[in-house]
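# Per-entry structural report
So you can see what is in the structure, the chains are spelled out below.
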Amino acid sequence: MMEETAKSRFSVPRIPIVGGVLSIIPGLGQVYGGFIMRGVLLFLFIASLYALSLWRMDNAGIDISTYPSYNADDLNKKQEQAFIFATLAILLTTVGYVWNIYDGYVSAGGKPSPALVPGLFITIATLIIGAHITEIDIAKAVNEIGDVSPRLKQILWPWNPDDSAFTREVETFDGVAMWETPCDDTPVKQPTHTEGESYIEIDSVCGSISGLRKPDGSRDEGTTINIKGYDFRPGEEAELVLKPGSVPEFRVVVEGERVRVIPDENGEFELSFVMPNFTIPATATTSTPVEITVRQKQEVGSLKLSEDFWLSFEGIIETLFLALMATIAGLVLAVPVSFLAARNLMSTSRITIAAYYIIRVILNVVRSIEPIVWALIAIIWVGAGPFAGVLALTIHTIASLAKLYSEAIESIDPGPIEAIQATGADRLQTIMYAVVPQVIPPFVSFTIYRWDINVRMSTIIGAVGGGGIGLVLIQWIRLAKYDSVGIAVWMIAIVVTILDYASARIREQYV
Amino acid sequence: MILNIKNLTKIYDTGTKALTDVSFDVTEGEFLVIIGLSGSGKSTLLRCINRLIDPTSGEIWFNGKDIAKAKGRQLRETRRQIGMVFQQFNLVKRSSVLTNVISGRLGYMNPMWSLTNYTPRSIRQDAMRALEKVGIPDKAYNRADELSGGQQQRVGIARALMQNPRIILADEPVASLDPVLAHSILGYLEKLNKEQGVTIICSLHYLDLVQRYATRVIGLRDGKIVYEGDNTSIRKMTDTQFKEVYGEEAQRMGSGLLGESA
Ligand SMILES: Nc1ncnc2c1ncn2[C@@H]1O[C@H](COP(=O)(O)OP(=O)(O)O)[C@@H](O)[C@H]1O
Ligand SMILES: [Mg+2]
């Protein structure tokens, strides 16, 4: 960190004691002694370590004006931790600070003291503060390995028959009855049922839903409905489903449990429930009909790939094409730029040299901004979706390919160009025979390499809204659907592996 | 007289004076060898002749015209009559041997053809014939960089042959090759010289090779001609004269070589 600074800027040593006193402000004595860099570094490290230590305590809610006198009982666990970390860092920094005063003294005399040991103290102080800022907690990481392993197993192997990668076709057996709220003069029409199929009967055809405020201010308890079911498949679970008016169908849940019933050996059952609350559409002027269904499901047929599987599959295709479009757009735009960024082509006049430098700077800036940042900009620009991802990757691709291409142009062998010129070839012939064969292979190689990178990046860009498989992946992570996460991870891994292999093979042929 | 150089001077942008007031004639059918230490201006001289370098001043008379300031079409038509063979072969490494040989004919072809992959059949046949002359027709479809150094230099000669040149400039054509190959390559040049009357201007480093192949020698030192001699006087060239050209290093360079020629 603090290298032995070569030599004082002054040939005549300064007064040591002045250096020592000045170093009460860290580094000032060293600056006075002519060791500018050393002084600046000392000031930056010592001052910022003190400031960071205080900030960590303030951040935890400790009143730093009374530091370090506290009653241990007044501090909560978080504050206690902040106090310990900050105090350690402050102690170590203070060792460095004391050394700094001594060093200010000797530096002014022209011979700075070796910085290795105090440098180590300051480094450790920096690491302690760093560990506190980043909330490094090894114990937690170790403790939670057990909890995470079932989820990890799902991600690593999402291909068990009952995981979300697969489904079976489901046949349903419904018994349906109609009900309405509130009651009116005309009772709702009941559906007819075919002989031999399951059906239900209800004991009331209208009533109130629970939770509505009554004129006296109390809450309605809701009508209790008794259902009798006939001709269901014996011994197999049936569940209750409601579909009020235009509201989507939902399962009835009471105290966290779905309402279910198992029919007896005759395929009959009795079930009662209280009509739950649901939002009646504001447009409803007459009473709202409610379709009451008791449903048995049976899985039939063989295992099929699930909707989540196909979502992943579509996602990975979107990702591949997102990367492909960005690579091709980047390629087309990078080729002309690369000629302008090639030193050997641009060193003909002052104007071209200036253009070369400007383009180089722009390319470096664009390249140093991560694609994920470009993605955020693109999302603001054209809205979330794969197009934003394409834009973001294209911008980054132009910059990095233009740099690689221009380096390929810069490194072409001038020998063959001279040799072709010497045969009497004109400019066009020279380019086609001597330049193009030399730059095409590296161009192809870099482009494929870039496509490879773009596929990887587009999975990440998808996660911030750039489309592709990253988008579904991040949604499943949030929904804790780890088996579906596993499907996406597998697809990414497979595609990236294949692409990696293919691109390596293709590049081998060209280089 | 095929070539007439008058008061040729070359000063590089860096200020280096590589050639100072060089004048000499070349007769048709000569095998002229340029000798001189590294940095004495041999390459600069050869490159001035086919104008890969623009001379600072002086005249280069070729075919009754001064080409020292030639441009565009005139320059290309001059260049296509002057073949060049390089120390580093200067083949397009990733192109096929045949394509490299064909490129020797570019000066005679319509430039627009270069945009397509098309080469007239007759030119391809000529290229195969040129490869046969240098003994490697079987390598026609190999990539140039798959060939050994000696083979690459033969491709370089075949490329120059495609120009139907009146002069071949060879800039240390054997400096990157071992002695056996050196004789083989220079043998091809000598054959062209003797059988087809192609004038050869060749820079060489080794005295025994100079004595074996040259019909005339010009020695350069610091960009000036310090020695000129014909066939007989080369054979009698003394250590002192050689030193004149090669400076104090002559001893070391000469000793092994004289032994070789014995
Ligand atoms: N492109 C160049 N720019 C500047 N100086 C050069 C260039 N090429 C050669 N020189 C200089 O010109 C002198 C002659 O070089 P050159 O003709 O290559 O000699 P030779 O071929 O005999 O070794 C040397 O001093 C060399 O450094
Ligand atoms: Mg040379």
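Thresholds applied
- Residues numbered from 1 in each chain as written.
- Chains lettered and ligands numbered in written order.
- Predicted model: local features only at pLDDT ≥ 70, side-chain atom pairs only at ≥ 80, totals over all residues.
- Heavy atoms only, no water.
- Helix = DSSP H or I, 4+ residues; strand = E, 2+ residues; numbered from the N terminus.
- Buried < 20%, exposed > 50% of the residue type's maximum accessible area, 1.4 Å probe, protein only.
- Contact = heavy atoms within 4.5 Å.
- Areas by Shrake-Rupley, 256 points an atom, 1.4 Å probe, with all protein chains shown as cover.
- Buried area = accessible area lost by both parts, 1.4 Å probe.
- Salt bridge = Lys/Arg side-chain N within 4 Å of Asp/Glu carboxyl O.
- Polar contact = N/O pair within 3.5 Å; in protein donor to acceptor, adjacent residues only side chain to side chain.
- Near = heavy atom within 4 Å.
- Pairing = 2+ DSSP bridges.
- Axes fitted to C-alpha atoms, helices over the stretch in contact; angles between N-to-C directions.
- Patch = residues over 30% accessible without salt bridge, like charges linked within 9 Å, V, L, I, M, F, W, Y side chains within 5 Å.
- Lys, Arg positive; Asp, Glu negative; His and termini not counted.
- Charge placed at Lys NZ, Arg CZ, Asp CG, Glu CD.
- Expected span 1.5 Å × (residues − 1).
- pLDDT = per-residue confidence, 0-100.

## Comments concerning the overall build of chain B
Counting its regular elements, chain B contains ten helices and ten strands. Sorting the 262 residues of chain B into buried and exposed places 53% on the buried side. Contacts in chain B between residues at least 24 apart in sequence constitute 69% of all its contacts with a sequence separation of at least 6. When the accessible area of chain B is evaluated, it comes to approximately 11600 Å², of which 47% is carbon and sulfur surface.

## With respect to the overall build of chain A
Secondary structure summary: chain A contains 16 helices and ten strands in total. Relative to its full complement of 511 residues, chain A shows a buried share of 41%. Of the contacts made within chain A by residues no fewer than 6 positions apart, 72% connect residues no fewer than 24 positions apart.

## Quick word on the interface of chain A and chain B
Contact with chain A, which involves 24 residues of that partner, is made by 30 residues of chain B. Here chain A packs against chain B, burying approximately 2200 Å² in sum over the two surfaces, 59% of which is carbon and sulfur. At the boundary of chain A with chain B, the tally comes to two salt bridges. Lysine 93 of chain B serves as the salt-bridge partner of aspartate 413 of chain A, at 3.3 Å between the closest nitrogen and oxygen. Linking chain A to chain B there are eight residue pairs in polar contact (both at pLDDT 80 or more). Listed by contribution, the elements that provide at least two residues to the side of chain A that touches chain B are helix 13 (414-422), helix 14 (427-466) and helix 16 (482-510) of chain A.

## Quick look at the site of ligand 1
Residue and element names in this part refer to chain B. The local shell around ligand 1 consists of Tyr12, Thr14, Thr16, Ala18, Leu37, Ser38, Gly39, Ser40, Gly41, Lys42, Ser43 and Thr44. Tyrosine 12 places a polar side-chain atom, nitrogen or oxygen, 3.4 Å from a nitrogen atom of ligand 1. Here an oxygen atom of ligand 1 sits 2.4 Å away from a polar atom, N or O, in the side chain of threonine 44. For the shell around ligand 1, the element with the highest residue contribution is helix 1 (residues 42-49), accounting for three residues.

## Digging into the sheet that holds strand 9 (residues 216-221) of chain B
Residue and element names in this part refer to chain B. Across the sheet, six strands lie side by side as 6-7-8-3-9-10; this open sheet has mixed pairing. Each edge of the open sheet is held by one strand with a lone partner, namely strand 6 (82-85) and strand 10 (224-230). For this sheet the average axis-to-axis angle between neighbouring strands, irrespective of direction, equals 15 degrees. In the sheet, strand 9 pairs with strand 10 via six bridges, with the strands oriented antiparallel. Each residue of the ladder has a partner; that of glycine 219, found in strand 10, is tyrosine 227. Along the sheet, helix 5 (residues 149-161) makes contact with strand 6 and strand 7 (167-171), crossing strand 6 at roughly 170 degrees.

## Quick notes on a negative patch on the surface
Together, Glu135, Asp137, Glu144 and Asp147 of chain A line one region of the surface with negative charge. On the secondary structure map, glutamate 135 of chain A appears in the loop between helix 5 (116-133) and helix 6 (138-143).

## Some remarks on helix 5 of chain B
Residues and elements named next belong to chain B. With 13 residues, helix 5 extends 18 Å from end C-alpha to end C-alpha; this agrees with the ideal 18 Å at 1.5 Å per step. Counting buried positions along helix 5 yields twelve of 13 residues, so the element is predominantly enclosed. Buried within helix 5 are the following residues: Gly150, Gln151, Gln152, Gln153, Arg154, Val155, Gly156, Ile157, Ala158, Arg159, Ala160 and Leu161.

## Topic: a nonpolar patch on the surface
Residue and element names in this part refer to chain A. Together, Ile15, Ile17, Val18, Val21, Ile24, Tyr102 and Tyr105 make up a nonpolar patch on the protein surface, roughly 670 Å² of accessible area in all. Of all the elements in the fold, those that place two or more residues in the nonpolar patch are helix 1 (16-22) and helix 4 (77-108). Structurally, tyrosine 102 can be placed in helix 4. With relative accessibility at 47%, the residue tyrosine 102 sits in the partly exposed group.

## Observations regarding the sheet that holds strand 3 (residues 224-230) of chain A
Residue and element names in this part refer to chain A. Read from one edge to the other, the open sheet built from three strands follows the order 2-3-9, with strand pairing classed as antiparallel. Pairing within the sheet leaves two strands with one partner each, and these edge strands are strand 2 (199-202) and strand 9 (269-274). Direction aside, neighbouring strands of the sheet carry axes that sit 25 degrees apart on average. In terms of strand pairing, strand 2 meets strand 3 through four bridges, oriented antiparallel. Pairing of glutamate 201 across the sheet is with lysine 228, part of strand 3.

## Re the environment of alanine 70 of chain B
All names here are of chain B. The residue alanine 70 is located in the loop between strand 5 (65-66) and helix 2 (72-79) in this model. The exposure class of alanine 70 is buried, given its relative accessible area of 2%. Distance from alanine 70 to arginine 51, taken between C-alpha atoms, is 8.5 Å for residues 19 residues apart in sequence. The residues contacting alanine 70, other than those within four sequence positions of it, are Arg51 and Leu75.

## Quick word on the confidence of the model for chain B
Fine structural detail should not be taken from predicted coordinates in areas where pLDDT scores are low. Residues and elements named next belong to chain B. On average, chain B scores 86 in pLDDT, and the residues at 70 or more come to 93%. The model gives residues 250-262 a pLDDT under 50, and that stretch makes 18 contacts with residues more than four places away or in other chains. Confidence estimates for the predicted assembly give a pTM of 0.63 and an ipTM of 0.90.

## Describing the pairing of strand 10 (residues 288-305) of chain A
Residues and elements named next belong to chain A. In this sheet, strand 10 lies alongside strand 1 (residues 166-181) in antiparallel orientation, the contact comprising 16 bridges. Looking at the pairing, glutamate 180 lines up with proline 289 of strand 10. Examined bridge by bridge, strand 4 (residues 238-244) and strand 10 share seven bridges and lie antiparallel to one another. Pairing of leucine 242 across the sheet is with isoleucine 292, part of strand 10.

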